[in-house]
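The residues making up each chain are set out below.
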Amino acid sequence: MSVESEATLVALARAGDHRAFTRLLETHDRRVMGVILRFTGNRFDRDDLYQDIFTACYLALPRFNGSCAFYTWLHRIALNQCLSFVRSRKTFEPEEDIAVEGDNWERTAQLQAVTNAQKKLLGPQQIAFHLFYVEQWSIDDIAALLECSVSTAKTHIHRAREKIRADEEVRKWNIEI
């Protein structure tokens, strides 16, 4: 979708056009679903979080000022909703989505160790680590999303990586991050 047509859809949605809002949702549906699945680790929470994210987006739409791309703004809402969800859970339950089918048990255990360590990170470190290593965002884009300098975004990633490396379960596997 072109920037102009997305801006038009956003303007129409802000004015109350439900079809325009639905079109925006359809445009970003798969990307938001990917964030949910990677953050939660399972498919069972997907539908609830999906609804929560788009409800939050709809309610916040009047405050969207266009200073960033719509997807960047939506992605931040999605990350915040996912972080809130993860914080509300006492433990992380491994699910079938964590490892690619056919992986051996050792690789699955290593991925689980890193995933569990990532869940222990807080706020910006968790977001920066996830965006950089999982979503493969650039440092500049992460800084823009977190509304911080590039050096601060790099620091968040570095500290997250150090905390994950220091995790007892990750150290046991000698995983290089």
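The residue numbering used here restarts from 1 in each chain and proceeds along that chain's sequence as written. Whole-chain, interface and lining totals are the exception, using all residues; otherwise, since this is a predicted model, local features are given only for residues with pLDDT of at least 70 and side-chain atom pairs are given and counted only at 80 or more. Processing note: side-chain calculations cover all non-hydrogen atoms of the structure and skip hydrogens and water entirely.

A. Focus on the packing of helix α6 (residues 123–134) against helix α7 (residues 139–146). Contact geometry for α6 and α7: axes closest at 10 Å, N-to-C directions at 145°. In terms of crossing hand, the pair formed by α6 and α7 is right-handed. Here Pro124, Ile127, Ala128, Leu131 and Phe132 of α6 lie close against α7, whose contacting residues are Ile139, Ile142, Leu145 and Leu146. Amino acids are sorted into nonpolar (Ala, Val, Leu, Ile, Met, Phe, Trp, Tyr, Cys and Pro), charged (Asp, Glu, Lys and Arg) and polar (every other residue, Gly among them). Per-class residue counts for the contact of α6 with α7 are nine nonpolar, no polar and no charged. As a rule, the C-alpha atoms of each element are fitted with a line to give its axis, helices using only the stretch in contact, and angles between N-to-C directions run from 0 to 180 degrees. Put simply, DSSP H or I for four residues or longer makes a helix, DSSP E for two residues or longer makes a strand, and each gets a number counted from the N terminus. Working rule for handedness: look at the near helix, and if it is turned counterclockwise from the far one by less than a right angle, call the crossing left-handed; if clockwise, right-handed. We call two residues contacting when some pair of their heavy atoms lies within 4.5 Å.

B. Representation of helix α5 (residues 105–119) in the model. Between its terminal C-alpha atoms α5 stretches 21 Å, which fits the 21 Å expected from 15 residues at 1.5 Å a residue. Classification of residues uses two cut-offs on accessible area relative to the type maximum, computed with a 1.4 Å probe and protein chains only: under 20% is buried, over 50% is exposed, and between them is partly exposed. The complete set of buried residues in α5 reads Gln110, Gln112, Ala113, Val114, Thr115, Asn116, Ala117, Gln118 and Lys119. Take the number of residues in a helix, subtract one, and multiply by 1.5 Å to get its expected span.

C. Molecular detail of the environment of Ile142. As for its position among the elements, Ile142 is in helix α7. As a C-alpha pair, Ile142 and Lys154 span 12 residues in sequence and 9.0 Å in three-dimensional space. Here Ile142 is in contact with Ala128, Leu131, Phe132, Trp137, Ala153 and Ile157, once residues within four sequence places are set aside.

D. Summary view of the confidence of the model for the protein chain. Of the residues in the protein chain, 88% reach a pLDDT of 70 or more, and the chain-wide mean stands at 83. On a range of 0 to 100, pLDDT expresses the predictor's confidence in each residue. Long-range and interchain partners of residues 90–100, a stretch whose pLDDT sits below 50, account for 23 contacts in this model, where long-range means more than four residues apart.

E. Structural context of the packing of aromatic side chains. Think of it this way: a Phe, Tyr or Trp ring, Trp meaning its six-membered ring, pairs with another when their centres are within 6.5 Å, and the plane angle makes it stacked under 30 degrees, edge-to-face over 60, tilted otherwise. Taken as a whole and assessed by the stated rule, the structure comprises eight aromatic pairs. Geometrically, the ring pair formed by Tyr50 and Phe54 is edge-to-face, given 4.7 Å between the ring centres and 65° between the ring planes. Residue Tyr50 and its partner Phe54 are both found in helix α3 (residues 46–60); the two are separated by four residues, about one turn of the helix. Relative accessible area serves as the criterion here: at 21%, Tyr50 is assigned to the partly exposed category. Residue class for Phe54 comes out buried when judged on its relative accessible area of 6%. An aromatic cluster of three or more residues is present, and its members are Phe64, Phe70 and Trp73. Here the basic side chain of Arg31 rests over the ring of Tyr71, its NZ or CZ set 3.6 Å away from the ring centre. By the criterion adopted, a ring carries a charge over it if an Arg CZ or a Lys NZ lies within 6 Å of its centre and within 35 degrees of its normal.

F. Layout of the packing of α6 against helix α8 (residues 150–166). At their nearest, the axes of α6 and α8 sit 8 Å apart, and the two run at 90° to each other. One way to sum up the angle between α6 and α8 is to call them roughly perpendicular. Listed contacts from α8 to Pro124, Gln125, Ala128, Phe129, Phe132 and Tyr133 of α6 are Ala153, His156, Ile157, Arg159, Ala160, Arg161, Lys163 and Ile164. Orientation categories follow fixed angle ranges, with anything under 35 degrees roughly parallel, anything over 145 roughly antiparallel, 65 to 115 roughly perpendicular, and all other angles oblique.

G. Quick look at the pattern of salt bridges. Every case where a carboxyl oxygen of Asp or Glu lies within 4 Å of a side-chain nitrogen of Lys or Arg is listed as a salt bridge. Per the counting criterion, the structure on display carries three salt bridges. Here Asp47 ties to Arg46 by a salt bridge, and the two come within 3.6 Å at their closest N and O atoms.

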